[in-house]
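What follows is each chain in one-letter form.
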Amino acid sequence: MKKTLGTLLAAALLAVLSFSAKAQTKVPDDINALLSKHTCLACHNADTRLVGPAYKDVAKKKYTNAQIVELIYEPKPEHWPGYPPMAPMKQVPKEDALKIAGWINSLAGGASKAPAKKPASKKS
Ligand code: HEC
């Protein structure tokens, strides 16, 4: 009996470990709380496509924070062919939307990071 429980626990631990190894982006607690409160997490994940695009992929669009806030209030489904349209989320307070926008842009490829383009030819 004890042995079975131990095996089960070990398996569960392994599953958790391999899951967290796959989830690359650690969402800060305050942002996670906002995303969860405003139900964004039902359709979005930082790294992978769910109903909506991964926030990492949104970051690649290089919107400004203000543009992202606008898109939360008034989504433009034509930006994401192949996805269902997102419902406007006008109930999200601007302050919260801005925090979320800033975080999205902090993800790989975001506007606040140095552009990942080919390096400009520097002085040799
Ligand atoms: C019911 C599912 C759903 C929920 C809830 C949802 N989204 Fe979306 N979101 C989508 C889909 C689908 C798209 C892609 C199609 C579109 O833009 O309309 C999208 C696109 C986006 C984009 C990209 C906009 C663009 O034009 O590039 C951002 C940013 C975004 N969502 C943020 C949020 C935030 C922040 C929340 C929570 C306040 C949220 N979403 C809640 C489904 C959802």
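Residues numbered from 1 in each chain as written. Predicted model: local features only at pLDDT ≥ 70, side-chain atom pairs only at ≥ 80, totals over all residues.

1. Remarks on the overall build of the protein
Argument step 1. Tallying secondary structure elements over the protein gives five helices and zero strands in all.
Argument step 2. Along the chain direction, N to C, the helices and strands of the protein fall in the order α-α-α-α-α.
Argument step 3. Burial statistics for the protein: of 124 residues in total, 17% are counted as buried.
Argument step 4. Counting only contacts in the protein whose residues sit at least 6 apart along the sequence, the fraction spanning at least 24 positions is 56%. (Helix = DSSP H or I, 4+ residues; strand = E, 2+ residues; numbered from the N terminus. Buried ≥ 20, exposed ≤ 12 C-beta atoms within 10 Å, placed from the backbone. Contact = placed C-beta atoms within 7 Å.)

2. Topic: the confidence of the model for the protein
Argument step 1. Of the residues in the protein, 70% have a pLDDT of 70 or more, and the chain-wide mean is 84.
Argument step 2. This model gives residues 113-117 a pLDDT under 50, and the stretch forms one contact once residues within four places in sequence are excluded. (pLDDT = per-residue confidence, 0-100.)

3. A word on the site of the ligand
Argument step 1. Taken together, 27 residues sit near the ligand, with Cys40, Cys43, Gly52, His79 and Met86 positioned nearest.
Argument step 2. Considering each element in turn, the shell around the ligand owes the most residues, three residues, to helix 4 (residues 65-73).
Argument step 3. Its residues placed into classes, the shell around the ligand shows 20 nonpolar, five polar and two charged. (Near = placed C-beta within 6 Å. Nonpolar A, V, L, I, M, F, W, Y, C, P; charged D, E, K, R; others polar.)

4. Observations regarding the packing of helix 2 (residues 29-37) against helix 5 (residues 94-106)
Argument step 1. Closest axis-to-axis distance for the helix 2/helix 5 pair is 10 Å, and the angle between their directions is 120 degrees. What the angle tells us is that helix 2 and helix 5 run oblique. Viewed along their axes, helix 2 and helix 5 form a crossing whose handedness is left-handed. Across the interface between the two elements, Ile31, Leu34 and Leu35 of helix 2 pack against Asp96, Lys99, Ile100 and Trp103 of helix 5.
Argument step 2. When grouped by side-chain class, the residues that make up the contact of helix 2 with helix 5 number five nonpolar, no polar and two charged. (Axes fitted to C-alpha atoms, helices over the stretch in contact; angles between N-to-C directions. Parallel < 35°, antiparallel > 145°, perpendicular 65-115°, else oblique. Left-handed = near helix turned anticlockwise from the far one by under 90°.)

5. Considering the environment of Glu95
Argument step 1. Tracing the backbone through its elements, the reader meets Glu95 in helix 5.
Argument step 2. Assessed through the 10 C-beta atoms surrounding it within 10 Å, Glu95 is described here as exposed.
Argument step 3. When the C-alpha atoms of Glu95 and Val69 are compared, they prove to be 9.4 Å apart, with 26 residues separating the residues in sequence.

6. Describing helix 4
Argument step 1. Inspection of helix 4 places Ile68, Val69 and Ile72 among the buried residues, and these make up the whole buried set. In an axial view of helix 4, the angular spread of the buried residues amounts to 100 degrees, which keeps them on one side of the axis.
Argument step 2. Taken together, the buried residues of helix 4 touch helix 5. (Arc of directions from axis to C-beta.)

7. Some points on the packing of helix 4 against helix 5
Argument step 1. The geometry of helix 4 relative to helix 5 is characterised by a closest axis approach of 8 Å and an angle of 120 degrees between their N-to-C directions. Between helix 4 and helix 5, the angle is such that the two are oblique. Where helix 4 crosses over helix 5, the two elements pack in a sense that is right-handed. Facing Asn65, Ile68, Val69 and Ile72 of helix 4, the residues of helix 5 in contact are Lys94, Ala97, Leu98, Ala101, Gly102, Ile104 and Asn105.
Argument step 2. Considering only residue class, the contact of helix 4 with helix 5 consists of seven nonpolar, three polar and one charged.

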